[in-house]
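# Topology and contacts: notes
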Amino acid sequence: MNVKEKTEAFRATCRVYKKEKENISQMNPDTLPEGDKQLYIFMKEDTEFVEKTCEKLARECGNVARMTVWLLFIEGRTQESVAEQYGITRRTVQYQVNKWLTKVL
């Protein structure tokens, strides 16, 4: 997988992160039927991937990087609103996010 494909996979996983996290918290894997256990495992892997990537962003690029990616991909905010929050341009947000994700993915 190249960086672009990894970034798209990360974005797709982020889109469902909140819902999967909520579903996982309501499931008991010990009492689930076999098919639901597999679904639980997939959702757990998805949420862990997002959380580990965000942790890696914070470690390697700083908390602003982690928070920016979180706001964009998980909270669903626009680049314009994030740029306004940090007092930078939308283009700078886009450039920084691409740079950070290239570094950690």
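Structural notes, computed from the coordinates. No experiment lies behind these values; they were computed from the predicted model shown. (Residues numbered from 1 in each chain as written. Predicted model: local features only at pLDDT ≥ 70, side-chain atom pairs only at ≥ 80, totals over all residues. Heavy atoms only, no water.)

## Some details on the overall build of the protein
- Regarding its fold elements, the protein presents 5 helices and 0 strands.
- Overall, the protein shows an N-to-C arrangement of helices and strands of α-α-α-α-α.
- Overall size of the protein, expressed as C-alpha extent along the three principal axes, is 50 × 30 × 20 Å.
- Within the protein, the fraction of its 105 residues that count as buried is 29%.
- Total accessible area on the protein is roughly 6,700 Å²; 50% of this is exposed by carbon and sulfur atoms. (Helix = DSSP H or I, 4+ residues; strand = E, 2+ residues; numbered from the N terminus. Buried < 20%, exposed > 50% of the residue type's maximum accessible area, 1.4 Å probe, protein only. Areas by Shrake-Rupley, 256 points an atom, 1.4 Å probe, with all protein chains shown as cover.)

## A word on the nonpolar core
- Grouped together as the largest cluster of nonpolar side chains are 20 residues, with contacts concentrated most on Phe10, Val50, Leu57, Val69, Phe73, Val97 and Leu101.
- Residue assignment for this core shows that the elements contributing at least two residues are helix H1 (3-25), helix H2 (34-61), helix H3 (63-74), helix H4 (79-86) and helix H5 (90-104).
- Per-element tally for this core: the top contributor is H3, with 6 residues.
- If we ignore the near neighbours within four places in the chain, the residues touching Val50 are Phe10, Thr13, Cys14, Tyr17 and Ile74. (Core = buried A, V, L, I, M, F, W, Y, C linked by side-chain atoms within 4.5 Å. Contact = heavy atoms within 4.5 Å.)

## So, the packing of aromatic side chains
- According to the stated counting rule, one finds 3 aromatic pairs in the structure shown.
- The interplanar angle of 70° and the centroid separation of 5.9 Å between the aromatic rings of Phe10 and Phe73 together place this pair among those described as edge-to-face. With Phe10 in helix H1 and Phe73 in helix H3, this pair connects stretches of sequence that are 63 residues apart.
- Since its relative accessible area comes to 0%, Phe10 is described here as buried.
- Between Tyr17 and Trp70 the ring centres are 5.5 Å apart and the planes differ by 75°, which places this aromatic pair in the edge-to-face class. Placement of Tyr17 in helix H1 and of Trp70 in helix H3 is noted, with a sequence separation of 53 residues between them.
- The class of Tyr17 is buried, set by a relative accessible area of 7%.
- Residue Trp70 is classed as partly exposed on the basis of its relative accessible area, which comes to 22%.
- Joined through ring pairs, the aromatic side chains of Phe10, Phe49 and Phe73 make up one cluster. (Phe/Tyr/Trp six-rings, centres within 6.5 Å; stacked < 30°, edge-to-face > 60°.)

## What to know about the packing of H2 against H3
- Where H2 contacts H3, the axes come no closer than 6 Å and their chain directions differ by 145°. Between H2, through Val50, Cys54, Leu57, Ala58 and Cys61, and H3, the contact on the second element is made entirely by Asn63, Ala65, Arg66, Val69, Trp70 and Ile74.
- Grouping the constituent residues of the contact of H2 with H3 by class yields 9 nonpolar, 1 polar and 1 charged. (Axes fitted to C-alpha atoms, helices over the stretch in contact; angles between N-to-C directions. Nonpolar A, V, L, I, M, F, W, Y, C, P; charged D, E, K, R; others polar.)

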